[in-house]
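What the coordinates show
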Amino acid sequence: MSQPGIHAAQMPPDGLPGLDPAWSRLIEARDADGVLRTWHVLDNGPSRTTPVSLTLLCVHGNPTWSYLWRGVLAAAPDDIRVVAVDHPDMGYSERTGTTRRLAQRIEDLSAVSGALGITGPVVTVAHDWGGPISLGWALAHRPQLRGVVLLNTAVHQPEGSPAPSVIRLARSAPLLHLNTVATPTFVGGTTALSTPRLAKPVVSAFAAPYGSADRREAIGAFVADIPLEPDHPSATALDAIAEGIRDLADVPALFLWGPGDPVFSDRYLADLLGRMPHADVQRYEGARH
C-alpha cells in the first residue's frame, strides 16, 4: 500500500562543489511495510561505457548524506560502479514522517539496492552510523559481497568504557531535540570535526538538505536510535551485527581510520579488529571524524 511522505524526494541544487549533477537519480522501491518510497542516490552507473566489474555501495552516517562520497564517484575507474544512497528522511530522499530503527534501515538499503539492480560483486563502504547499516546489508547479501570498507564507526560499546561524551550529550533528553532538530547545531558540529577544516562552500553543501527543523527530524531520531541500553529497541539488531561480522573472515576488509575522532576513537577500532582480525588498517594520523 502506498502513502505519501511529508516531503517528496528531490534532486540536489546545482552548483554544490564537487558534485556532478549527472550522478543524481530518484529511485522508487517498496519498504518492509509495503510502502512505495523514493530515494535520492548518486550513481555513476548510467554513464559507464565499460561493463561493470564491481559495485561500491556507499553508506553515509548521521547527519551527512551521499555528498560524502563525491570524491569516490569522481575517482572511480570506468569499470567500477559507485552508488551512494541517501537514507530515507536524510539528504534529498523522501521525508517519510516515520521513525526508522536500525533493522528497518538495513531493509531500506536492501530495497533500494534491489531497485537499482545491484546483484554483485559488491564492496560496501561506510562511515559513522552507516557502518552498522552497511554491515547488516553485507551479512544479508553474502553471495554478492566481495569486501568491506569501514571509516570511523562502531558496532559495540567496549566493556568498561563510557559512550563518547559527544554522543551522550547529544542524546540526553533535555538537549536531543534542541541540538539535532530545532537548531542546526548537530549538523554544523559534525562538519566542524573535520581536520583539515572543510571549505565553507563544502560545509554549506553538507548542510543543504537540512535547512529547516522538519527536514532534520531524522537526525534526532538517528541519535536516539543509538542503543546504549541493553533494552533499547535496536540493541538486538546491533548485537546480531556485532557477532555476525566474526563470520566474515573470508571477506577482505579495510578500515580507514582517523585516530583523532572524538566520537569513534581507537577503542572502537580495537573492538572491530577483535571481530575482524584479518582486516587491513590505514590510519591517517591527525585526521578526525
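Our structure's up above, just so we're on the same page.
These numbers come from a predicted model, not from an experiment.

**Notes on the overall build of the chain**
A tally of regular secondary structure across the chain gives ten helices and eight strands. On C-alpha atoms alone, the chain measures out to a radius of gyration of 18 Å, which is about the 19 Å that the 2.2 N^0.38 rule sets for 289 residues. When its C-alpha atoms are laid out on the principal axes, the chain stretches across 50 × 45 × 40 Å. Within the span of the chain, comprising 289 residues, buried residues form 53% of the whole. Sequence-distant contacts in the chain: of pairs separated by 6 or more residues, those separated by 24 or more amount to 77%. For the chain, the exposed area adds up to about 12000 Å²; of that, 58% sits on carbon and sulfur atoms. Averaging the locations of the 23 positively and 29 negatively charged side chains of the chain gives two centres separated by 4 Å.

**Regarding the pattern of salt bridges**
With the rule as written, the count across this model stands at 14 salt bridges. The shortest N-O distance in the salt bridge between aspartate 31 and arginine 100 comes to 3.0 Å. With aspartate 31 in the loop between strand E1 (24-30) and strand E2 (36-43) and arginine 100 in the loop between strand E4 (80-85) and helix H2 (102-115), this pair connects stretches of sequence that are 69 residues apart. Arginine 100 shares its class with aspartate 31; the two are buried. The salt bridge partner of arginine 246 is glutamate 243, with a shortest N-O separation of 3.1 Å. Overlapping salt bridges bring together Asp31, Arg37, Glu94, Arg100 and Asp108 as one network.

**Re the packing of H2 against helix H3 (residues 130-140)**
Close contact between H2 and H3 brings their axes to 9 Å; oriented N to C, the two are set at 60°. Here H3 runs oblique to H2, going by the angle between their axes. For the element pair H2 and H3, the recorded crossing hand is right-handed. Facing H2, whose interface residues are Leu102, Arg105, Ile106, Leu109, Ser110 and Ser113, H3 presents Pro132, Ile133, Ser134, Gly136 and Trp137. Each residue belonging to the contact of H2 with H3 can be placed in one class, and the counts come to six nonpolar, four polar and one charged.

**A closer look at the packing of aromatic side chains**
The final tally for this structure, using the stated rule, is five aromatic pairs. Residues tyrosine 67 and phenylalanine 206 carry aromatic rings whose centres are separated by 5.0 Å and whose planes lie at 80° to one another, so their mutual orientation is edge-to-face. Separated by 139 residues along the polypeptide, tyrosine 67 in the loop between strand E3 (54-59) and helix H1 (70-75) and phenylalanine 206 in helix H7 (residues 200-207) bring together distant segments of the chain. Exposure remark for tyrosine 67: the relative accessible area of 0% places this residue in the buried category. Assessed through its relative accessible area of 7%, phenylalanine 206 is described here as buried.

**Focus: the sheet that holds strand E5 (residues 122-127)**
Read across the open sheet, the eight strands follow the order E1-E2-E4-E3-E5-E6-E7-E8; overall the sheet is mixed. With one partner strand each, in any of the chains shown, E1 and strand E8 (280-283) form the two edges of the open sheet. Taking each pair of neighbouring strands and ignoring which way they run, the sheet shows an average axis angle of 25°. For E2 and E4, the ladder comprises three bridges, and the chain directions are antiparallel. Within E4, the position partnered with leucine 42 by the bridge is alanine 84. Across the sheet, H2 touches E1, E2, E3 and E4, and the angle it forms with E1 is around 115°.

**Considering helix H10 (residues 266-275)**
For H10, every residue scored as buried is listed here: Tyr268, Leu269, Asp271, Leu272 and Arg275. Projected onto a plane normal to the axis of H10, the buried residues spread over an arc of 160° and lie on a single side. Lining the buried residues of H10 we find strand E6 (145-151), helix H9 (235-244), strand E7 (253-257) and E8.

**A look at empty space enclosed by the protein**
The gaps left among the atoms become clear once a water-sized probe is rolled over them. One pass over the structure, following the stated rule, counts one cavity of 30 Å³ or more. The computed volume of the largest cavity comes to approximately 80 Å³. Of the residues assigned to the lining of the largest cavity, the class counts are six nonpolar, one polar and two charged.

Thresholds applied
Residues numbered from 1 in each chain as written. Predicted model: local features only at pLDDT ≥ 70, side-chain atom pairs only at ≥ 80, totals over all residues. Heavy atoms only, no water. Helix = DSSP H or I, 4+ residues; strand = E, 2+ residues; numbered from the N terminus. Rg over C-alpha atoms; globule rule 2.2 N^0.38 Å. Buried < 20%, exposed > 50% of the residue type's maximum accessible area, 1.4 Å probe, protein only. Contact = heavy atoms within 4.5 Å. Areas by Shrake-Rupley, 256 points an atom, 1.4 Å probe, with all protein chains shown as cover. Lys, Arg positive; Asp, Glu negative; His and termini not counted. Charge placed at Lys NZ, Arg CZ, Asp CG, Glu CD. Salt bridge = Lys/Arg side-chain N within 4 Å of Asp/Glu carboxyl O. Axes fitted to C-alpha atoms, helices over the stretch in contact; angles between N-to-C directions. Parallel < 35°, antiparallel > 145°, perpendicular 65-115°, else oblique. Left-handed = near helix turned anticlockwise from the far one by under 90°. Nonpolar A, V, L, I, M, F, W, Y, C, P; charged D, E, K, R; others polar. Phe/Tyr/Trp six-rings, centres within 6.5 Å; stacked < 30°, edge-to-face > 60°. Pairing = 2+ DSSP bridges. Arc of directions from axis to C-beta. 1 Å grid on protein atoms, 1.4 Å probe; cavity = no way out; pocket = protein on both sides within 12 Å on 5 of 7 lines; lining within 4 Å. Points joined across faces, edges and corners; volume = space filled by probe spheres on them.

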